[in-house]
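A look at the structure
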Amino acid sequence: MAQNARLDKEYIMHAPQRGEALVCLTAYTTPVAKALDPHCDLLLVGDSLGMVVYGMDNPLGVSLEMMINHGKAVMRGVKHAFVVVDMPYGSYETDADLAVKNARRVMDETGCDAIKIEGGAEMLDIYQALADASIPTLAHIGLKPQSVEKEGGYKIKGKSDDEGLSLLTDAQLIEKTGVIAIVIEGTIESVARRIVDGVSVPTIGIGASAACAGQILVSDDMLGLFTDHVPKFVKQYAQLAQNIDEAAAAYAREVRARDFPADAHIYKRAS
Ligand code: KIV
């Protein structure tokens with residue numbers, strides 16, 4: 001599809017039939033969204049921004065207002081990709097009416113294309129309520145960052161037969177509610193493959209092997225900007241933290257040596 005036409009729900013949903021891999025990354029700001037947009041099918045304004053932008057330990061402190069503000073910023077930079085905004089912890093999981101009200105607010109105020117929520121079969125009523133309200137939704141199953149505190153840390157899912165089967169059941173039940181795609185995070189390859197074979201909507205993997213129809217990474221991880229913890233599934237395609245360190249060191253050196261600003265950076269009266 002032309003780079004200046006916005007991708008729609010049908011384009012994302014039919015990726016498995018086309019046999020094309022969906023290229024997905026997170027974005028939180030306008031300049032980064034602009035840089036990623038021509039290369040990506042889908043940009044996710046993930047609540048991972050709590051950690052990579054705000055320095056929080058987990059996403060639990062991320063508010064709806066933060067997601068809306070970053071959603072608006074990303075939408076300003078996008079001409080092509082399908083944009084999804086994460087619903088933050090506490091904004092949807094306990095009450096279907098609240099989930100619909102908050103999801104509608106995110107869609108209306110940001111202009112994004114869809115929202116994403118975390119949860120499997122235990123969240124079926126919420127997925128159904130969002131579908132009944134015609135809110136385009138992505139599911140997120142497997143390792144769910146909003147549950148890591150409750151579960152005592154980041155743990156790979158599906159290692160036992162029971163857990164693998166329960167993930168497949170989650171995916172199949174959720175698919176029936178009409179979700180656009182299912183993000184599978186942190187599971188073993190054989191389980192990911194069974195889910196991919198067991199559903200017809202696209203699966204988007206993060207730490208879930210190449211079996212998935214698409215891949216997503218947190219862009220700050222992939223760009224080597226967030227380096228506090230680099231999970232096994234991350235490949236760094238750049239070393240931005242190192243580039244920033246080198247640039248800041250060069251700037252500091254030149255300011256201290258009074259080499260910056262030089263003549264080229266100084267305003268003068270026209271002669
Ligand atoms: O918040 C996030 O960034 C996510 C991932 C799928 C990358 O949910």
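These figures come from a predicted structure and were not determined experimentally. (Residues numbered from 1 in each chain as written. Predicted model: local features only at pLDDT ≥ 70, side-chain atom pairs only at ≥ 80, totals over all residues. Heavy atoms only, no water.)

1. Some points on the overall build of the protein chain
What counts here: Here a strand is any run of E in DSSP of at least two residues, a helix any run of H or I of at least four, and the numbering for each starts at the N terminus. Only protein chains enter the area calculation, which uses a 1.4 Å probe; residues under 20% of their type maximum are buried, those over 50% are exposed, and those in between are partly exposed. Residue contacts are counted whenever heavy atoms from the two residues lie within 4.5 Å of one another. Only the protein chains shown count as cover for residues, and all accessible areas are computed by the Shrake-Rupley method using a 1.4 Å probe. Here the positive residues are Lys and Arg and the negative ones are Asp and Glu; neither His nor the chain ends is included. One atom stands in for each charge, and that atom is NZ of Lys, CZ of Arg, CG of Asp or CD of Glu.
Counting its secondary structure elements, the protein chain contains 12 helices and eight strands. For the C-alpha atoms alone, the extent of the protein chain along its principal axes is close to 75 × 35 × 35 Å. Counting the 271 residues in the protein chain, one finds 49% classified as buried. In the protein chain, once contacts between residues fewer than 6 apart in sequence are set aside, the share between residues at least 24 apart is 58%. Summed over its atoms, the accessible surface of the protein chain is roughly 13,700 Å², and 53% of this surface lies on carbon and sulfur atoms. The positive charge centre, built from 26 side chains, and the negative charge centre, built from 37, are 6 Å apart in the protein chain.

2. Quick look at the site of the ligand
Applied cut-off: Any residue with a heavy atom lying within 4 Å of a molecule or strand is counted as near it. Identification of polar contacts relies on pairs of N or O atoms within 3.5 Å, with a donor-acceptor requirement for protein atoms, meaning one able to donate a hydrogen and the other able to accept it, and with residues adjacent in sequence counted only if both atoms are side-chain atoms. Only Asp, Glu, Lys and Arg are considered charged, only Ala, Val, Leu, Ile, Met, Phe, Trp, Tyr, Cys and Pro nonpolar, and every remaining residue, Gly among them, polar.
Neighbouring the ligand are the residues Thr26, Leu44, Gly46, Asp47, Ser48, Asp86, Lys116, His140, Val183, Ile206 and Val218. At 2.5 Å, a side-chain N or O of Ser48 approaches an oxygen atom of the ligand. In the complex, 97% of the free accessible area of the ligand, which totals 260 Å², lies under the protein chains. Residues belonging to the shell around the ligand are distributed by class as follows: four nonpolar, four polar and three charged.

3. Some details on helix H10 (residues 189–198)
Rule in force here: The directions considered for the arc are those from the helix axis to the C-beta atoms.
Of all the residues in H10, the buried ones are Val191, Ala192 and Ile195. Buried residues of H10, seen end-on, are gathered within an arc of 100° and therefore sit on one face of the element. Tucked inside the fold, the buried residues of H10 contact strand E5 (137–142), helix H9 (161–176), strand E6 (181–185) and strand E7 (203–206).

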